[in-house]
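# Remarks on the overall topology
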Amino acid sequence: MKKIVLVATVKPFASEAVEGIRKIAEEAGYELRLLEKYPDQAALIEAVKDVNALIVRSDKVTKEVIDAANNLEIIVRAGAGYDNIDINYAKEKGIVVMNTPGQNANAVAELVLGMMVYMARNQFNGKPGTEIKGKTMGLLAFGNVARNVARIAKGFEMDVYAYDAFIPREKIIASGVKAVDFPQELFEKCQYVSLHIPLTEETRASINYDLLKRMPKNATLINTARKEIINEDDLIRIMEEREDFKYISDIKPDKEDVFKEKFEGRYFFTPKKMGAQTKEANINAGLAAIRQIVKYFEEGDTTFQVNK
């Protein structure tokens, strides 16, 4: 029986990505279906009923979606983070969940440095700003995105530090980055700290007052990970106490109105999550997703499975 692959994206892939996904799917003998800019979760639930594979971006793959998909064998998140998918329930139902690590990494990294320059120059308001050359950059976690941030930051001649609980310090040092032993040390040393940790129960609201108060004068916190890793009340508290503290993110916080009211010129949020919003990242992640699906069906390859 022909495999059916559904690409379900409220935020559609670039047209080049869709064409590439279709070509790879059809060459493998699969049927490709598109569900783009769909109006609500009910539309997704209806669309998955007879599909064998599902490609999503930030779309929510909940228990209800999984229960509706009687033939579903594999879900691929075109991107790195996968907290939008109920991976544990998928595992219970025997469904493989994968991500496409590294495909969006350069896009996110370029956004990090772009936002940093924007804030360092006072949002281009005509007043004198500062340069980032010679400043200290801290990376909390050292995965694909963080390694690309380090590469670009070193090009700006920044002094780059990193902490990762799961990567040996020798590997961090081998990348030309200074390793620290504790998150607290990273925040103490670095004027800029960029967050690259995943959202887990352990990391939820883990960026708290104790960490933020350690940052040196004229500190800037950058978040292109998930908004839930920030303790917003603690972030607001530190910004109330320190007029030198700035926050930039591609994710609007829940308490955006507080930032607008109290911290004009000291924060920046993109209107929508923008880290992976480049044509190149679209294409890279989309093609990786369909290739992983083909390899899974044809060879049983589970290299990028996240719910083993």
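So, a few notes on the structure that sits alongside this text.

Calculation notes
- Residues numbered from 1 in each chain as written.
- Predicted model: local features only at pLDDT ≥ 70, side-chain atom pairs only at ≥ 80, totals over all residues.
- Heavy atoms only, no water.
- Salt bridge = Lys/Arg side-chain N within 4 Å of Asp/Glu carboxyl O.
- Buried < 20%, exposed > 50% of the residue type's maximum accessible area, 1.4 Å probe, protein only.
- Helix = DSSP H or I, 4+ residues; strand = E, 2+ residues; numbered from the N terminus.
- Pairing = 2+ DSSP bridges.
- Contact = heavy atoms within 4.5 Å.
- Axes fitted to C-alpha atoms, helices over the stretch in contact; angles between N-to-C directions.

Time to look at the pattern of salt bridges. Where charged atoms from two side chains of opposite charge approach closely, those side chains can pair. Counting across every chain of the model gives 25 salt bridges. When the shortest N-O distance is used, the salt bridge between Lys49 and Glu46 registers 3.0 Å. Taking the relative accessible area as the measure of exposure, Lys49 reaches 42% and is therefore partly exposed. Of the residues examined, Glu46 reaches a relative accessible area of 49% and is grouped as partly exposed. Measuring nitrogen to oxygen at the nearest pair gives 3.1 Å for the salt bridge that ties Asp250 to Lys273. One end of the pair, Asp250, is in the loop between strand S11 (246–249) and helix H11 (256–262); the other, Lys273, is in the loop between strand S12 (267–269) and helix H12 (279–299), with 23 residues separating them in the sequence.

Attention now goes to the sheet that holds strand S7 (residues 159–163). If you walk across this open sheet you meet the seven strands as S8-S7-S6-S9-S10-S11-S12, and the pairing is parallel. For this open sheet the edge positions go to strand S8 (178–179) and S12, each flanked by a neighbour on one side alone. Across four bridges, strand S9 (residues 192–195) lies against strand S10 (residues 220–223) in parallel orientation. Paired with Ser194 across the bridge in S10 is Ile222. Against the sheet, helix H6 (residues 144–155) makes contact with strand S6 (136–140) and S7, and its axis sits at roughly 170 degrees relative to S6, the strand it touches most.

The next thing to look at is the environment of Ile75. Here Ile75 lies in strand S4 (residues 74–77). With a relative accessible area of 0%, Ile75 lands in the buried category. C-alpha of Ile75 to C-alpha of Ile85: the two residues are 10 residues apart in sequence and 8.7 Å apart in space. Among all residues touching Ile75, those that are not within four sequence positions of it are Leu54, Val56, Val61, Ile85, Ile95, Val96, Val97 and Met98.

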